[in-house]
Amino acid sequence: MSPSTVRLTVAQALVRFLSAQYTERDGVRHRLIAGTWGIFGHGNVAGLGQALLQAGEDVMPYHQGRNEQSMVHAAVGYARQLDRLSAQAVTTSIGPGATNLVTGAALATINRLPVLLLPGDYFASHAPDPLLQQLEHPTEADVSVNDTLRPVSRYFDRITRPEALIPSALNAMRVLADPAETGAVTLALPQDVQAEAYDWPEEFFADRVWYVRRPAPDPVELAAAVEAIRAARRPLIVAGGGVHHSEAEAALKAFVEATGIPVSSTQAGKGSLRHDHPADLGGIGHTGTSVSDDIARAADLVIGVGTRYTDFTTASGTLFQNPDVRFLNLNITGFDAHKLAARTLVCDARAGLTALTEALSGHRVEAAYEAEYRAGKERWDAVVEGAYRADDETAVPTQTQVLGALDAVVGVDDVVINAAGSLPGDLHKLWRARSPRQYHLEYGYSCMGYEIPAGIGIQQAAPEVAVWSLIGDGTYLMMPTEIVTAVQEGLPVNIVLIQNHGYASIGGLSNEVGGERFGTDYRYRAADGTFSGAPLPVDLAANAASLGMDVLRAKTVGELREALAKARASDRPTCVYVETDVLNPTSPGPEAWWDVPVAEVADREAAVEARERYDQHVAGRRRHL
């Protein structure tokens, strides 16, 4: 007897299939694709647009976006807030709608975060050829603009026949749900195929659960790891985003309290321990704390947990300077575990930390080492207090004083979001993370424009928490459009908009590398043709208000405190706008180097001097083999 079938279009079948997919970890089930973002054009309006309308909100919630890239950012924020156990889909038309996905896809894949991309594509039949927005390739007729998504997707397929959807959709879910494989997944959907009908087997639409594994460490690897830790006199843990994704914070705390080993954190791993835990040393690397980097320089064993060791973490290979330093990497992916020629423990972070704690029973670092890093932590806490302190309530606040005012307002479960500019450095050094999800920095791709849409995704995932998107004027001008979505959906996202008239972070870096702040200030052209005139009369607060936000302007420290408190109490999307004092910086400088190559030959003095400093720093780089 042949299995029963149901006749649906490819788009209708895909929506129905997605609505029946679930993840399960530790006995808790989540919907894998919880909703679909979409902007419709001729490439998807009659296919996926019609299918979403027909399915209805109960089957597949639909979210209306304003920019395709920002829809991906919102979906990524959603997935990260929910520990990658639930994700969202994004559908676009062909052409620019599809290529706008590329930046968001790169961000998702680099950060190991799941998002399903469903761009429209050319006609599989090639009946109208070329059609509107089609890229014509003279020798490869099967190439479309969607092929730009291949290198930034963990799985890619173009569905040119209805029945091809079945294996491809299953593979897409497999990758999205697999913590070792996840990232952006792209199913390119030719617009004629989207609307084509097919007799689908009913079992394709049955509820399907994708179990998210917690692989245990291999006994041989575990024994070697235990031996390495017992032999180390100055071990240091580098906590990465994998600690959060695995919900391993409690296991890390137990391991640290049993062994006395201190923890430094990457941007993605900050909050793995509460800021006030005596073993939490704060951020590590170029934007790290002095105590964290000092301990790292002398460490003889670096234990990476769920980190991929970017150049900011390693200070471009100059941070870990102990001649005898070795690495032990606990990671769910072998690719990341093997970095820096490390001993490997390829397993789930929680499972691995729990196994290490049990196997190391009775082992603890020397009391003198604990006293050393605790004293360093106390010294750094005083630096934080100084950067946050504002003695004059009538003064224009500095950027770190803005963070201090926010620090006094946020609740334990509030989420603070940032991605680019000078804020990531200040936040990594100074922010006091009170809970595992409070610190949400996208620094794998450091993508300007991430903060507002990500705040929307986080608010969707956790309606009960207060969300703070921290942005500078440069980032705001990149992508403010999803403010309209927050207003439309009644999502009370808070934006803290800091006006400093240009690219403050890159301006500072430009000075360091001999660029003399070229092209980094938002100013009128002066008589000499440079952008060194008066600041531009741009009113970003008025812009935010025009998009529907409540706007609170703060000119002084006192007014800022009042505005932040009012924003947190509001049930509407609210923007706190503040212009900072850029002539009186209070941010601690970098505690470690970052490699940005400097011109080897130049006729300007600033570049010549910068090259001399560069050569001194680069001489300290090590290859850990």
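Our structure's up above, just so we're on the same page.
What you see is a predicted model; the values in this text were computed from it and never measured.

Caption draft 1: Layout of the packing of helix H16 (residues 399–407) against helix H23 (residues 557–569). Following both chains from N to C, one finds H16 and H23 inclined at 40°, their axes separated by 9 Å at the closest point. Classified by the interaxial angle, the pair formed by H16 and H23 is oblique. The two elements H16 and H23 cross, and the hand of that crossing is right-handed. Here Gln401, Val402, Ala405 and Leu406 of H16 come into contact with H23, specifically with Val557, Leu560, Arg561 and Leu564. Taken together, the residues of the contact of H16 with H23 break down into six nonpolar, one polar and one charged.

Caption draft 2: Spotlight on the pattern of salt bridges. Taken as a whole, this structure holds 35 salt bridges when the rule is applied. We note a salt bridge from Arg16 to Glu202, for which the minimum N-O separation is 3.3 Å. Taken together, the positions of Arg16 in helix H1 (residues 10–18) and Glu202 in the loop between strand E10 (197–201) and strand E11 (208–211) put the pair 186 residues apart, joining distant regions of the chain. Three or more residues are tied together by salt bridges with common partners; here these are Asp26, Arg214, Asp348 and Arg350.

Caption draft 3: Here's a closer look at the side chain of Ser19. Mapped onto the elements of the fold, Ser19 is located in the loop between H1 and strand E2 (21–25). Here the side chain of Ser19 touches Arg16 through a polar contact of 2.7 Å, landing on its backbone oxygen. Beyond its immediate stretch of four places on either side in the chain, Ser19 contacts Arg31, Val59 and Met60.

Caption draft 4: Quick look at the sheet that holds strand E16 (residues 326–331). In spatial order, the strands read E14-E13-E12-E15-E16-E17; together these six strands make up an open sheet with parallel pairing. A single partner strand is all that each edge strand has here, and the edge strands are strand E14 (280–283) and strand E17 (343–346). Strand-to-strand twist of the sheet, defined as the mean angle between neighbouring strand axes without regard to direction, takes the value 20°. One ladder, built from five bridges, connects strand E12 (residues 235–239) with strand E15 (residues 301–305); its direction is parallel. By the bridge assignment for E15, Val238 is matched with Gly304. In the packing of helix H8 (residues 219–231) onto the sheet, contacts are made with E15, E16 and E17, and the angle to E17 comes to roughly 130°.

Caption draft 5: Representation of the pairing of strand E20 (residues 467–472). Along E20, six of the six residues are buried, which leaves the element largely enclosed by surrounding structure. Of the two faces of E20, both are covered, the one formed by Val467, Ser469 and Ile471 as well as the one formed by Trp468, Leu470 and Gly472. Here strand E18 (residues 415–418) runs beside E20; their pairing, made up of three bridges, is parallel. Within E20, the residue paired with Val416 across the bridge is Trp468. In the sheet, E20 pairs with strand E21 (residues 494–499) via five bridges, with the strands oriented parallel. Note that in E21 the partner of Leu470 across the bridge is Val496.

Caption draft 6: Structural detail: the packing of aromatic side chains. Counting across every chain of the model gives 12 aromatic pairs. Ring centres of Tyr309 and Phe327 lie 6.2 Å apart, and the angle between their planes is 85°; this geometry places the pair in the edge-to-face category. Remark: Phe327 occurs in strand E16 and Tyr309 occurs in the loop between E15 and helix H12 (311–314); sequence separation between them is 18 residues. Among the aromatic side chains, those forming a connected cluster through ring pairs are Phe17, Tyr198, Trp200, Phe204 and Phe205. A cation over an aromatic ring shows up here: Lys270 above the ring of Tyr439, its NZ or CZ 5.5 Å from the ring centre. In this structure, Arg553 is placed above the aromatic ring of Tyr577, and the distance from its NZ or CZ to the ring centre is 5.7 Å.

Caption draft 7: Representation of helix H2 (residues 45–55). Among all positions in H2, only Gly47, Leu48, Gly49, Ala51 and Leu52 are buried. Here the buried residues of H2 occupy an arc of 165° about the axis, which is enough to place them on one side. Among the exposed residues of H2, those oriented more than 90 degrees off its buried face are Ala46 and Leu53.

Conventions adopted
Residues numbered from 1 in each chain as written. Predicted model: local features only at pLDDT ≥ 70, side-chain atom pairs only at ≥ 80, totals over all residues. Heavy atoms only, no water. Axes fitted to C-alpha atoms, helices over the stretch in contact; angles between N-to-C directions. Helix = DSSP H or I, 4+ residues; strand = E, 2+ residues; numbered from the N terminus. Parallel < 35°, antiparallel > 145°, perpendicular 65-115°, else oblique. Left-handed = near helix turned anticlockwise from the far one by under 90°. Contact = heavy atoms within 4.5 Å. Nonpolar A, V, L, I, M, F, W, Y, C, P; charged D, E, K, R; others polar. Salt bridge = Lys/Arg side-chain N within 4 Å of Asp/Glu carboxyl O. Polar contact = N/O pair within 3.5 Å; in protein donor to acceptor, adjacent residues only side chain to side chain. Pairing = 2+ DSSP bridges. Buried < 20%, exposed > 50% of the residue type's maximum accessible area, 1.4 Å probe, protein only. Phe/Tyr/Trp six-rings, centres within 6.5 Å; stacked < 30°, edge-to-face > 60°. Lys NZ or Arg CZ within 6 Å of the ring centre and 35° of its normal. Arc of directions from axis to C-beta.

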